[in-house]
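# Tertiary structure, described
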Amino acid sequence: MAEIVIDHVTKRFGSFTAVDDIDMRFADGEVACLLGPSGCGKTTLMRILAGLERPTSGRVLFGGRDVTALPPRKRNVGMVFQYPVMYPTLSVAENIALPMVHDRAVSATERRRRVDEVLDVLDIRPLAGAFIEDLDSGTRQKVAVGRAVARQSEIVLFDEPTTNVEVNAKLQLIRAFKLVTQRLRQTIVYVTHDQTEAMTLADRIALMKSGRILQYDKPQVLYNEPTSEFGGWFLGNPGMNFVSARVEEGLVRSAILADPLPAPATLPRGAAITIGIRPERVRMTGEPVAGSVPAILVDQAIGIAGRYLTRARIGETEIKVNTERRPPAPLGGTVHLSVPRERLMLFADGTRFTA
Ligand SMILES: Nc1ncnc2c1ncn2[C@@H]1O[C@H](COP(=O)(O)OP(=O)(O)OP(=O)(O)O)[C@@H](O)[C@H]1O
Ligand SMILES: [Mg+2]
């Protein structure tokens, strides 16, 4: 068992709070992606898990064992950071074997077996004897991944391991990474600010902002059921639309709504209400349909992978639209937008409101 428990962990640097009372657990054998914008505290949290940083308060437990005060080498975790330390004068196989060399619990035969296994899964067996300095950045990172997983520690931490890898090699690396994690069921925490990477790799995603975890759930749930405006905006390409709304006499009114919605009785009074809609849920037609509102097309539609991305304006309100069909009007022309009610989300002061 190597469940990771983060028990009310806070980290302050002077008066600045980088990690703000995080209280959560990463399940044994799962790949958890820590996803969030630059500066939100991802690396700080990883360094706390690795033992490179002591929390200001709170505890960290691995498999029920309190490791808060343990140095990195006593935690039995594998790590891959953005710029991993590699030994240029050692071969690929030697680099992978290195963390096991002084481990008396691992025999030389077992060490070779593990190195071979990792070389196979990562599809770099022919490079076993090559030197690190002769490899491109993507392959180097594969070796770093191999080294982190081969020792079979129960927990492996990755901090943006694909950042310095060029685009083509990146996909390959992610594919290899996925294979490795499926083969060796370790508890993995993988930091990224790239939503596609997180959606591809994670069993669950922890969405982080300003030192806090806003939501921790399966990728599809994060995408379809964001609990915050931030989550709706941060995930998606482009992110969710937010249209301001007001509550009057028990009804929610908004520029995007042809007919007002009944306001839930428990909606907080005086809160800033917005309606959230994913751009791919907006239907755009040339003629009015039931529940549609007229809008002016204000952006040249660009076609991407068989879809069209554009924007339309209702009065002052701009709506991003991502549609399967080419827009039915030219730039500056009138279109009609409608959104199925079940696809609308209500937010009060930035938090998703569910009655
Ligand atoms: N040793 C330190 N002293 C002071 N401030 C720090 C220290 N380490 C981190 N910070 C601050 O804490 C905040 C979080 O930093 P952190 O590196 O954890 O963010 P991150 O989410 O990993 O960002 P990125 O995506 O850019 O890597 C930042 O504002 C950073 O400047
Ligand atoms: Mg970082």
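Residues numbered from 1 in each chain as written. Chains lettered and ligands numbered in written order. Predicted model: local features only at pLDDT ≥ 70, side-chain atom pairs only at ≥ 80, totals over all residues. Heavy atoms only, no water.

As a further point, take the side chain of K11. Here K11 shows up in strand 1 (residues 4–13). Judged by relative accessible area, which is 11%, K11 ranks as buried. Of note is the side chain of K11, whose polar atom sits 2.8 Å from the backbone oxygen of R54. Aside from chain neighbours lying at most four places away, what touches K11 is F16, T17, A18, V19, T44, I48, E53, R54, P55 and T56. (Helix = DSSP H or I, 4+ residues; strand = E, 2+ residues; numbered from the N terminus. Buried < 20%, exposed > 50% of the residue type's maximum accessible area, 1.4 Å probe, protein only. Polar contact = N/O pair within 3.5 Å; in protein donor to acceptor, adjacent residues only side chain to side chain. Contact = heavy atoms within 4.5 Å.)

We now examine the site of ligand 1. Around ligand 1 sit F13, F16, A18, P37, S38, G39, C40, G41, K42, T43, T44 and E160, and those are all the residues in its vicinity. G39 places a polar main-chain atom, nitrogen or oxygen, 2.7 Å from an oxygen atom of ligand 1. Separating an oxygen atom of ligand 1 from a side-chain N or O atom of T43 is a distance of 2.8 Å. Coverage of ligand 1 by the protein chains reaches 58% of its 640 Å² of free accessible surface. Only strand 2 (16–26) and helix 1 (42–50) provide two or more residues apiece to the shell around ligand 1. Among the elements that line the shell around ligand 1, the one with the most residues is helix 1, at three residues. (Near = heavy atom within 4 Å. Areas by Shrake-Rupley, 256 points an atom, 1.4 Å probe, with all protein chains shown as cover.)

Split by domain assignment, the protein chain resolves into domain 1 (4–226) and domain 2 (237–352). The C-alpha centroid of domain 2 is placed 39 Å from the C-alpha centroid of domain 1. Taken together, the contact between domain 1 and domain 2 spans four residues of the former and six residues of the latter. Interface area, domain 1 with domain 2, both sides summed: about 520 Å², of which 33% is carbon and sulfur. The largest contributions to the domain 1 side of the interface with domain 2 come from Y223, N224 and P226, which together make up 77% of the buried area. The interface formed by domain 1 and domain 2 holds one salt bridge in total. In this structure, the salt-bridge partner of E225 is R352, at a minimum N-O distance of 3.5 Å. Taken together, domain 1 and domain 2 are joined by four residue pairs in polar contact (both at pLDDT 80 or more). Classifying every residue of the side of domain 1 that touches domain 2 by side-chain character gives two nonpolar, one polar and one charged. (Domains from an automatic or database assignment. Buried area = accessible area lost by both parts, 1.4 Å probe. Salt bridge = Lys/Arg side-chain N within 4 Å of Asp/Glu carboxyl O. Nonpolar A, V, L, I, M, F, W, Y, C, P; charged D, E, K, R; others polar.)

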